[in-house]
Amino acid sequence: MIVTRFAPSPTGYIHIGNVRSAIYPYLIARQTQGNYILRIEDTDQARFVEGATELIEDTLEWLGLEWNEGPIVGGPTGPYFQSERKAIYYAWAQKLIDMGRAYADPTDAKTIQSYRDECTEKKIPYLYRNYRPTETPEWHEGIPLRFKSDPKPRKWRDEVMGDMEAGPEVQDDIILIKADGLPTYNFAHIVDDAEMHVTHVCRGVEYLSSTPNYLALYEAFGLKVPKLISLPHILGPTGGKKLGKRDGAKSVTEYRTDGVLPEAMLNYLACLGWNDGTEQEIYTKDELIQKFSIDRIQNSGARYDETKLLWMNGQWIRKIFDEQGVEALFARTEGFWPDSANAYDDQYKKKVLSIIYDRLKTLSDLRVMTTYFFEDPIINTDMIFSNKFLKKISEEELSELLQISAKKIESCEWNPESLQNTLNNLLEETQRKPAELFSLIRIGLSYAPFSPALHLTLDTLGKNTSLSRLHQTITAIENH
Ligand code: GLU
């Protein structure tokens, strides 16, 4: 049985890269009847942030990455918080002590620093094993416990990076248990992965350089090495270096509040560094599960492109509307409407959504793109006078055009087809181009940089509102 895990540290900020590290092991587990475990790596107390675990759980739930074992759901290999697994780590540490492969290290910080300085001075790599103390006390909590390394050439296979090898120069007496009594990541993850029967370790490539030390630990314990899958860094938009907060990449939480759909986030991140070799770009979760394969994960960094994410989100908004209907998309829009929309019923909001959805990149675009459907816009005749299609037309003519239009529209039956016909007749009657006449009416109704097709805008706004806005605009032009 395939067992994977997502093992985040609860530091409060969910980086785009963290989420990708959650998605791939999920897909790998779901391709078979595998197990996907959530394990909270909270042994670094200095980095611990209140509420961070809940944020991780909430984000996974939002993305639809349900875990089979972990916090909330429990499971046979828990607890799933490393801070609650101390007894387990101590038992495994004892095994190493008994084998003569771990020792309590009484060396103080100052002495350790002097070893470091010495190496810097001599320009040689700092390896603690060269300073291994000769006298070591019996181990007890409060003294760091170190691994007694056995440096030798090591070869291994990384499922993404290929065949790897490393010499003794990168293997050392790493700390297993810190002075605060908690295990290091290096030690704890080996124990946990073994206890939790993890078969595939999928994590960031930053752990690749420590792998020789991990191999030494697997060997000391006589453990089978799980499949190692190192995910390359996500690079900033210009490529070259790792994506950082400064590159403008938001946390997943921020994208969520901005109205990015979980389907789009999942789709985008899954394809950031993986492709199935076809041109397909939009994948549902089920398609990803079906098509994902470890051997098509790229081994070089993938460039983060927010524009692409937002494009994909627009595609997903359309997909949900087209395939599941207005009801399904409307259900996602709560909290994204302008405040003035509160005074309107759902029926009306759905109508607005139906004519605007294909222009949305995020749900929060609703706030700026639909305001004029819920409140009269502020009249700004400059928008008319400076419009590229209208600036050559005199103010008298503009006012006259609007009057003719208002009159025609007033006698029109109020439905999209009749409105469309009326608008076409108006073109003939006024001998104006659509860009001229329709821009004028459009601005007069909305004073917005964009609005949906004119007959639909009129239909949705209703007769009274439409005519009253057109007359206000006529007055404003005349009083100019
Ligand atoms: N706790 C580690 C991190 O958040 C996880 C690495 C791993 O998946 O083993 O980077």
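Our structure is the block above this text.
How each quantity is defined
Residues numbered from 1 in each chain as written. Predicted model: local features only at pLDDT ≥ 70, side-chain atom pairs only at ≥ 80, totals over all residues. Heavy atoms only, no water. Pairing = 2+ DSSP bridges. Helix = DSSP H or I, 4+ residues; strand = E, 2+ residues; numbered from the N terminus. Axes fitted to C-alpha atoms, helices over the stretch in contact; angles between N-to-C directions. Parallel < 35°, antiparallel > 145°, perpendicular 65-115°, else oblique. Left-handed = near helix turned anticlockwise from the far one by under 90°. Contact = heavy atoms within 4.5 Å. Nonpolar A, V, L, I, M, F, W, Y, C, P; charged D, E, K, R; others polar. Near = heavy atom within 4 Å. Polar contact = N/O pair within 3.5 Å; in protein donor to acceptor, adjacent residues only side chain to side chain. Areas by Shrake-Rupley, 256 points an atom, 1.4 Å probe, with all protein chains shown as cover. Buried < 20%, exposed > 50% of the residue type's maximum accessible area, 1.4 Å probe, protein only. Phe/Tyr/Trp six-rings, centres within 6.5 Å; stacked < 30°, edge-to-face > 60°. Lys NZ or Arg CZ within 6 Å of the ring centre and 35° of its normal.

A separate point is the sheet that holds strand β4 (residues 145–147). Strands sit in the order β3-β4-β7 across an open sheet of 3 strands; the sheet is antiparallel. The open sheet has two edge strands, β3 (102–104) and β7 (175–177), and neither has a second partner. The average angle at which neighbouring strand axes cross in this sheet is 35°, direction not considered. Bridging between β3 and β4 involves 3 bridges; their strand directions are antiparallel. If you follow A102 over to β4, its bridge partner there is F147.

The next point concerns the packing of helix α16 (residues 416–430) against helix α17 (residues 434–446). Contact geometry for α16 and α17: axes closest at 10 Å, N-to-C directions at 120°. On the basis of the axis angle, α16 is oblique to α17. Every pair of crossing elements has a handedness; the one defined by α16 and α17 is right-handed. Note on element contacts: α17 touches α16 through P434, L437, F438 and I441, opposite L423, L426, L427 and T430. A class-by-class count of the residues in the contact of α16 with α17 yields 7 nonpolar, 1 polar and no charged.

Time to look at the site of the ligand. Neighbouring the ligand are the residues R5, A7, P8, S9, E41, Y185, R203 and Y207. E41 is positioned such that a nitrogen or oxygen atom in its side chain is 2.6 Å from a nitrogen atom of the ligand. Within the complex, the protein chains bury 82% of what would otherwise be the 300 Å² of accessible surface of the ligand. Class assignment of the residues belonging to the shell around the ligand gives a composition of 4 nonpolar, 1 polar and 3 charged.

With that out of the way, let us pick up the environment of P183. Within the secondary structure, P183 sits in the loop between β7 and α5 (185–195). Classification of P183 by relative accessible area gives buried; the value is 0%. With 20 residues separating them in the primary sequence, P183 and D163 have C-alpha atoms 30 Å apart. Contacts of P183, omitting those with residues within four sequence positions, involve T43, Y89, L176, I177, K178 and A188.

For the structure shown, the criterion picks out 20 aromatic pairs. Centre to centre, the rings of Y26 and Y36 are 5.3 Å apart; their planes meet at 85°, and the pair counts as edge-to-face. Of this pair, Y26 sits in helix α1 (residues 16–31) while Y36 sits in strand β2 (residues 35–38), and the two are 10 residues apart along the sequence. Taking relative accessible area as the criterion, Y26 reaches 1% and is therefore assigned buried. Look at Y36 and you get buried, because its relative accessible area is 0%. Its guanidinium or amino end placed over the ring of Y128, R146 lies 3.4 Å from that ring's centre, counting from NZ or CZ. Lying across the ring of W316, K319 places its NZ or CZ 5.4 Å from the centre.

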